[in-house]
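As a plain string of letters, each chain reads:
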Amino acid sequence: MSSLAEKLTSIVSVHFRAAGLDESFGTVRMSDRPDLCQFQCNGALAAAKALKRPPREVAQDIADRLKAEPIFAKIDLAGPGFINLDVTDAALADHLAALVADEQLGVADKGAGKTIVLDYGGPNVAKPMHVGHLRAGIIGDSLRRMYLFSGYRTIGDIHMGDWGLQMGQVISECARRHPEWPYFDAIFSGPYPKEPPFTFEALEEIYPTASKACKADPARMELARHATVELQSGRPGYRALWRHIVDVSVEGMKKNFGALNVFFDLWKGESDVHDRIGPMVRDLRAGGWALESEGALVIPVARNDDKKEMPPLMLYKTDGAVMYGTTDLATVAERVERYAPDRILYVVDQRQSLHFEQVFRAARLSRIAPENMDLTHAGFGTMNGTDGKPFKTREGGIMKLEDLIAMGLEKARARIAEAEIGRDMDADEVEDIAHKVAVAAIKFADLHNNRTADYVFDLDRMTRFEGKTGPYLLYQAVRIKSLLRKAAERGFAPSGNFVLHDPDRALAFVLADFPDAFEAGLRHDAPHHLCDYAWRLAQQFSGFYAACPILPEPDESLRASRLALCALTCRTLEKTLDLLGIGVPERM
RNA sequence: GCGCCCGUAGCUCAGUGGAUAGAGCGCUGCCCUCCGGAGGCAGAGGCCGCAGGUUCGAAUCCUGCCGGGCGCGCCA
């Protein structure tokens, strides 16, 4: 199935071809002048340019041919050569019936048979999660849902940072504080304790302290570097302690991402490719790609036609430790081997773009990445505070993700109490609603921005719950659910025979537009197209709802038709929100 | 210095080379005997950073400038 505009496009394209013109000129889209027409085709203008013929003449030619198509109720020419189109109500009603019957709501299975690996989240082990991980998690998770819906096999990988210098910093800090721990006893023969020697909260304090100390004191940094190398080369005590650090951290990550309803298929990290690195580097040397440079081992990736400086990808530092470029490259190899993906998508901060350029080039040069596999860095902008500077707490510290979620929840609870929504509910349901409202507020506020742009994070604004917000969308969806419940109680059934008056038609066109909004989002790896669509649909419905009393409607066929529109709106809105990772409660 | 991203209403942001550039917040008016008012309807508010160019047509494409953010070999 397809959208209504796509259906019209294929019809009009045929007539462009019949007229001896390229069929790509036949693109039809929803009109941006609803006072003039429902759909428009501007292709005659572009075609006329290519042919050096008067545009009005080309448009007239196409319009004459379109008169043979029964789907059109009106075909007009306007301006320099716009073709304005209306469809018959019968055609619109048929399309609506097809949407009702289609589980995909008109979205085509374009990804059928294809595989995509999505790399998002990327929290670092031992470091507290902060607001920076919010965007990576929720944008990546939304894209995963979108690819899945379009038929792809999707593999979402959290790709933790668990193998770098920060591990050595934490380990050496622990060694300084607790030299008596068996992990630091070189002749200890084990077994090491099963229980971690610290809690998640303690770990969150250790890393910042260690990091600060290393920055201030070169000797401490040297110890951290050394510990990193020893960890990577397999010192048993360090590996055992590292395991505890990872396990304790993962627990915290699961809590945070779980609260946000962000899902991962794989909980892998940089360390998972450690065993591949040796052989990979051997091959890279043998192939002539990897070279010694200034005491390090690198892959030069610069090209003669580069306009910018392109540093090489570093495989081994002078101290023998690997870097994240090394593990990223090895991870490409692992993913190719395990999943043979058509595409790997990295949802990582825009500031990493040079790094990914280096990794992608190295992967292409060395043939680690097959030629027909796409590698894309879908970067996102920085989250700033209302002052336009990187987001901080009021005290100027780093806002932990956990605290941010708690603040959103608190606002949601307060708003629910104020509206007396929870009067006849038990505490669990109220808490569930508060949670869904908070998640909707946080996610929608983030996702509705253009992915690549920096954006201002304003907790007060997004939790006000009025206007273009996640909670407003939940409210609209819940209102429809309530209406449908009441209809069912009264024995009113929706009907597949659509009766279309002006408000019904206006809503129908927005419903028919869902696949186009979805395609736009998928094409640009940009969930904000879906946010925009959810908002348009909710607003259109709200206008419809205000203009058309449904349950009191005496005409049974009209009432049944409108109930069917409500049901389809509810499904479409809920699906759109689901693709954004936003769940809708039954009532609120 | 080189490179990337951004500049649209007071603020936060949408905008596929097409017709009259949109939304939310804020501001001004209306609208509950009615299915959930976290709502609806209407209004005011714009040299689309500046200057050129391409085009029948530019917020959109090209060039140059101005402002803001970020990145550029041993962190991730």
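Everything numeric here is computed off the predicted structure, so don't read it as measured data.

Asks: Any details on the packing of helix 1 (residues 4-18) against helix 3 (residues 55-66)? Residues and values, ideally.
Replies: Each pair of packed helices gets described by two things: the angle between the helix axes and the distance between those axes. Direction vectors running N to C along helix 1 and helix 3 enclose 120°, while the axes themselves pass 10 Å from each other. Between helix 1 and helix 3, the interaxial angle falls into the category oblique. For the pair helix 1 and helix 3, the sense of crossing is right-handed. Taking contact as the criterion, the partners of Val12, His15, Phe16 and Ala18 in helix 1 are, on helix 3, Ile62, Arg65 and Leu66. Residues of the contact of helix 1 with helix 3, tallied by class, amount to 5 nonpolar, 1 polar and 1 charged.

Asks: How would you summarise the protein's contact with RNA strand B if you had to cite specific residues and measurements?
Replies: As a matter of local geometry, RNA strand B sits amid 71 residues, with Arg33, Asn450, Arg479, Tyr545 and Met588 nearest to it. Here the atoms of RNA strand B within 4 Å of the protein split so that 58% fall in sugar or phosphate, with bases taking the remainder. Glu294 places a polar main-chain atom, nitrogen or oxygen, 3.0 Å from a base nitrogen of RNA strand B. Here Ile550 contributes a backbone N or O atom positioned 3.0 Å from a base nitrogen of RNA strand B. Sorting the residues of the surface near RNA strand B by element identifies helix 2 (43-51), strand 4 (82-87), helix 6 (165-177), strand 8 (296-299), strand 13 (455-456), helix 16 (470-489) and helix 19 (528-547) as the ones contributing at least two each.

Asks: Describe the side chain of Gln40, and please don't skip the residues or the numbers.
Replies: Along the chain, the position of Gln40 falls in strand 2 (residues 39-41). Accessibility expressed as a relative area gives 7% for Gln40, which makes it buried.

Asks: Explain helix 19 to me, and be specific about the residues and the numbers.
Replies: In this model, helix 19 (20 residues) spans 29 Å end to end at C-alpha, consistent with the 28 Å of a helix rising 1.5 Å per residue. Within helix 19, the full set of buried residues consists of Leu530, Cys531, Tyr533, Ala534, Trp535, Leu537, Ala538, Phe541 and Phe544. Buried residues along helix 19 sit in contact with helix 5 (132-149), helix 14 (427-447), helix 16, helix 17 (502-512), helix 18 (514-523) and helix 20 (556-579).

Asks: Report on the sheet that holds strand 3 (residues 72-78), specifying residues and quantitative values.
Replies: The sheet built from 4 strands is open, its strands ordered 1-2-4-3 with antiparallel pairing. This sheet does not close on itself; its edge strands, each paired only once, are strand 1 (28-30) and strand 3. Taking the axes of each pair of neighbouring strands and ignoring which way they run, one obtains an average angle of 30° across the sheet. Alignment of strand 2 against strand 4, held across 3 bridges, turns out to be antiparallel. Note that in strand 4 the partner of Phe39 across the bridge is Leu85.

Asks: Explain the domain arrangement of chain A to me, and be specific about the residues and the numbers.
Replies: How big an interface is tends to be stated in terms of accessible area lost as the parts join. Domain assignment breaks chain A into domain 1 (4-87), domain 2 (121-380) and domain 3 (401-579). The interface of domain 2 with domain 3 comprises 29 residues on the first partner and 28 residues on the second. Approximately 2500 Å² of surface area, both sides summed, lies buried where domain 2 meets domain 3, with 64% of it carried by carbon and sulfur atoms. Of all residues in domain 2, Arg135, Met146 and Phe149 bury the most surface against domain 3, accounting for 25% of the area lost on that side. Where domain 2 packs against domain 3, one counts 4 salt bridges. Looking at the side of domain 2 that touches domain 3, the elements that each hand over two or more residues are helix 5, helix 9 (236-259) and strand 10 (343-347). If one sorts the elements of the side of domain 2 that touches domain 3 by residue count, helix 5 sits on top with 11 residues. Broken down by class, the residue content of the side of domain 2 that touches domain 3 amounts to 16 nonpolar, 8 polar and 5 charged.

Asks: Could you give me a rundown of the pairing of strand 3, with the residues and numbers involved?
Replies: Direction of pairing for strand 3 relative to strand 4: antiparallel, over a ladder of 6 bridges. Residue Ala78 lies in a different strand from strand 4, and its bridge partner there is Phe82. In this antiparallel pair of consecutive strands, strand 3 and strand 4, the connection spans 3 residues, and Gly79 shows a positive phi of 55°.

Rules of the game
- Residues numbered from 1 in each chain as written.
- Chains lettered and ligands numbered in written order.
- Predicted model: local features only at pLDDT ≥ 70, side-chain atom pairs only at ≥ 80, totals over all residues.
- Heavy atoms only, no water.
- Axes fitted to C-alpha atoms, helices over the stretch in contact; angles between N-to-C directions.
- Helix = DSSP H or I, 4+ residues; strand = E, 2+ residues; numbered from the N terminus.
- Parallel < 35°, antiparallel > 145°, perpendicular 65-115°, else oblique.
- Left-handed = near helix turned anticlockwise from the far one by under 90°.
- Contact = heavy atoms within 4.5 Å.
- Nonpolar A, V, L, I, M, F, W, Y, C, P; charged D, E, K, R; others polar.
- Near = heavy atom within 4 Å.
- Polar contact = N/O pair within 3.5 Å; in protein donor to acceptor, adjacent residues only side chain to side chain.
- Buried < 20%, exposed > 50% of the residue type's maximum accessible area, 1.4 Å probe, protein only.
- Expected span 1.5 Å × (residues − 1).
- Pairing = 2+ DSSP bridges.
- Domains from an automatic or database assignment.
- Buried area = accessible area lost by both parts, 1.4 Å probe.
- Salt bridge = Lys/Arg side-chain N within 4 Å of Asp/Glu carboxyl O.

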